[in-house]
Amino acid sequence: MTGYYDYVLGLIPAALIGVTAALNLVGLSLTAALPGGALVAGAVMAHAIFVKAPVTDEARVRNDRAAGGSPGRSGAPRRGRSRTGGAD
């Protein structure tokens with residue numbers, strides 16, 4: 001079963017080579033076309049990392065609970081100093 005990140009892994013070299021070749025065929029020199037291909041491949045990677053981030057379901061549920069809970073109360077036992085300043 002192929003997923004989004006499988007396509008991304010195939011698209012990175014395809015974008016780098018394909019855009020570089022297309023720009024080279026249009027008339028740009030190879031040294032001028034290569035940064036264009038690298039920018040497109042970088043944009044594909046940036047989308048995969050920042051826009052559609054690889055987050056596990058467990059981390060997503062944990063973040064949703066933290067965002068929906070009341071501020072300052074995580075449900076976890078308190079550690080460290082008590083409110084009076086002494087050690088627990």
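Here's what I pulled together on the structure shown here.

Here is what the cut-offs are and how they apply
- Residues numbered from 1 in each chain as written.
- Predicted model: local features only at pLDDT ≥ 70, side-chain atom pairs only at ≥ 80, totals over all residues.
- Heavy atoms only, no water.
- Phe/Tyr/Trp six-rings, centres within 6.5 Å; stacked < 30°, edge-to-face > 60°.
- Lys NZ or Arg CZ within 6 Å of the ring centre and 35° of its normal.
- Helix = DSSP H or I, 4+ residues; strand = E, 2+ residues; numbered from the N terminus.
- Expected span 1.5 Å × (residues − 1).
- Buried < 20%, exposed > 50% of the residue type's maximum accessible area, 1.4 Å probe, protein only.
- Arc of directions from axis to C-beta.
- Contact = heavy atoms within 4.5 Å.

Under the defined criterion, the tally for this structure stands at 1 aromatic pair. Judged by centre distance (4.9 Å) and plane angle (80°), the ring pair of Tyr 4 and Tyr 5 falls under edge-to-face. If you follow Lys 52 out to its NZ or CZ, it ends over the ring of Tyr 4, 4.4 Å from the centre.

For helix α2 (residues 30-51), built from 22 residues, the straight-helix expectation of 32 Å at 1.5 Å per residue is met to within 8% by its first-to-last C-alpha distance of 30 Å. Of all the residues in α2, the buried ones are Ala 33, Gly 36, Gly 37, Ala 41, Val 44 and Ala 48. Looking straight down α2, one finds its buried side chains confined to an arc of 130°; they lie on one side. Those residues of α2 that are exposed and aimed more than 90 degrees away from the buried face are Thr 31, Leu 39, Phe 50 and Val 51. Where α2 is buried, its residues meet α1 (4-26).

For α1, built from 23 residues, the straight-helix expectation of 33 Å at 1.5 Å per residue is met to within 8% by its first-to-last C-alpha distance of 31 Å. If you check which residues of α1 are buried, you get Val 8, Ala 15 and Thr 20. Residues of α1 that are buried make contact with α2. Looking at the residues trailing α1, positive phi occurs at Gly 27, about 135°.

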